[in-house]
Amino acid sequence: MRPTRRPVIVDCDPGHDDMLAILLAARHFDILGITTVAGNADVDRTTLNALRIVELAGMDVPVARGCATPLVQAPVFGTAIHGESGLDGYDFPAVQRRPHPRGAAEFLVETLRARDGVTVIATGPLTNLAIALRAAPDLAARIDALSIMGGSVTTGNVTAAAEFNVWFDPEAADVVFRSGVPIWMSGLNLTRQAGIDLHDIERIEALGTRAARTVAALLRFYLARQARAGNALAPAHDPCAVAILLEPQIVAWAPMHVAVELRGERTRGMTLCDARHLPEFNPAIRPGTPPRGDAPNARVGLRVDRPAFLRLLEDALAALP
Ligand code: RIB
Ligand code: CA
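First, a word on scope: everything that follows refers to the structure included in this document. Every chain is numbered independently, its residues counted from 1 as its sequence is written. A letter from A marks each chain and a number from 1 marks each ligand, given out in the order of writing. Selection of residues for local features in this predicted model requires a pLDDT of at least 70, selection of side-chain atom pairs for listing and counting requires 80 or more, and totals for whole chains, interfaces and linings are taken over all residues. Hydrogens and water molecules were not included; the side-chain quantities draw on all heavy atoms of the structure.

### Regarding the packing of aromatic side chains
This is how it is decided: Aromatic pairs are defined between Phe, Tyr and Trp rings, using the six-membered ring for Trp, whenever the two ring centres lie within 6.5 Å; interplanar angles under 30 degrees are classed as stacked, those over 60 as edge-to-face, and all others as tilted. Under the scheme used here, helices are H or I runs from DSSP no shorter than 4 residues and strands are E runs no shorter than 2 residues, and both carry numbers assigned from the N terminus. Three exposure classes are used, based on accessible area relative to the maximum for each residue type with a 1.4 Å probe and protein chains only: buried under 20%, partly exposed in between, and exposed over 50%. Charge over a ring is defined by NZ of Lys or CZ of Arg lying within 6 Å of the ring centre and within 35 degrees of the ring normal.
Tallied over the full model, the rule gives five aromatic pairs. Between Phe164 and Trp167, the aromatic rings sit 6.0 Å apart at their centres with planes inclined by 35°, giving tilted as the arrangement. In this pair, Phe164 and Trp167 both sit in helix H7 (residues 164–168), three residues apart, roughly one turn of the helix. Classification of Phe164 by relative accessible area gives buried; the value is 12%. According to the relative accessible area criterion, Trp167 is partly exposed, its value standing at 22%. With centroids separated by 5.2 Å and ring planes inclined at 80°, the aromatic side chains of Trp184 and Trp253 adopt a geometry described as edge-to-face. Of this pair, Trp184 sits in strand E6 (residues 183–186) while Trp253 sits in strand E9 (residues 251–256), and the two are 69 residues apart along the sequence. A relative accessible area of 15% means that Trp184 is categorised as buried. Connected via pairs of aromatic rings, a cluster forms that spans Phe77, Phe164, Trp167 and Phe168. Sitting above the plane of the Phe29 ring, Arg6 keeps its charged end 5.9 Å from the centroid. Across from the ring centre of Trp184, 4.8 Å away, lies the NZ or CZ of Arg299, which sits over that ring.

### Section: the pattern of salt bridges
Going by this rule: Every case where a carboxyl oxygen of Asp or Glu lies within 4 Å of a side-chain nitrogen of Lys or Arg is listed as a salt bridge.
The final tally for this structure, using the stated rule, is 19 salt bridges. For Asp274, the salt bridge identified is with Arg276, shortest N-O distance 2.6 Å. Its relative accessible area of 40% is what places Arg276 among the partly exposed residues. Ionic contacts of the salt-bridge type, sharing partners, join the residues Asp197, Asp200, Arg203, Arg306 and Glu314 into one network.

### A look at the site of ligand 1
Counted only if it meets this: The near set for a molecule or strand comprises every residue that places at least one heavy atom within 4 Å of it. Throughout this description, a polar contact denotes any pair of N or O atoms lying within 3.5 Å of each other; where both atoms belong to protein, one of them has to be capable of donating a hydrogen while the other can accept it, and for residues adjacent in sequence the pair is counted only when both atoms sit in side chains.
Near ligand 1 there are 13 residues, and of these Asp17, Thr123, Asn157, Glu163 and Asp238 occur at the shortest range. Here Glu163 contributes a side-chain N or O atom positioned 2.6 Å from an oxygen atom of ligand 1. Side-chain polar atom of Asp238 to an oxygen atom of ligand 1: 2.6 Å apart, as the coordinates give it. Looking at the shell around ligand 1, the elements that each hand over two or more residues are helix H1 (16–28) and H7.

### Focus: the coordination of the calcium ion (ligand 2)
In plain terms, the rule: Here a donor is an N, O or S atom found within 2.8 Å of the metal, or within 3.2 Å if the metal is Na, K or Ca; sites may look incomplete because water is not among the atoms.
The protein atoms that coordinate the calcium ion (ligand 2) are Asp13 (OD), Asp18 (OD), Asp18 (OD), Thr123 (O) and Asp238 (OD), at distances of 2.2 to 2.7 Å. Read N to C, the donor residues that coordinate the calcium ion (ligand 2) are spaced as D-x4-D-x104-T-x114-D. Taken together, the residues span a long stretch of sequence, with Asp18 in helix H1 and Thr123 in the loop between strand E4 (119–122) and helix H5 (127–135) at a distance of 105 residues. Thr123 carries the same exposure label as Asp18, and that label is buried.

So, in structure tokens, the structure goes:
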């Protein structure tokens, strides 16, 4: 009997790397729905992009449109990296599907109350999740796990301190990290190790299917935009939030307390990760020393086996039509 696949909801702002996360999740999990949020582009564009990805992969998955703005501050979209559409690099055909009639927060509440054991994979700003948790605090005990791409144990990317998804909506991230939901965090300190280069893209292209060639064209755009920003590789940030759930030996992690800075003049949007008990951040500490300070509220990714990670990605892309 075929083992039942882990039920998941993907909350995202596609986004080239969000696309990779969706396709990797589709290979291994039972995606109950995709919810979209503003981030890499406005929410109309990220919703259209999610529909495009679903149709490209031949998936039968509802897409529910989410929040257009952060909880407090005005939105500043990530189009510099992902292009005006949020998923530049390929001229998609018109989509046939329509978004789900419910909004993202409503879809999250309904689905998480109707189904036990659901994991949420969040690869964009956490606005939808914060609103759902505020509207239905019972969800915190119902969500089996929340795997996010966001934050960083070390440096940010939008500022020296803040990573884009948390920086875009710090108040939402604060709600989520205080919620008590079991969190897996893939921050920039981890996801920057998961870079894609031109050889990786050429291998994807050589898979030969229409979908693989489309993904390769999109990744060529993403790599070029990352190069303009000074990056030698195109970081596959978001699929790390899927890989950390898949095969624990691919991603090493440690328990940490994570707090979101809301007031710092220079540090707003920073995830302050208490790593004082970890030798790789505190060489003076004795290995095995328990965490200090506030109790850990997240399992935080530290190292990824890049070749194994890329094999996972290529396996998922090879399965596309
Ligand atoms: O900082 C990286 C994150 O910001 C990724 O999720 C990327 O898609 C953008 O949303
Ligand atoms: Ca994203």
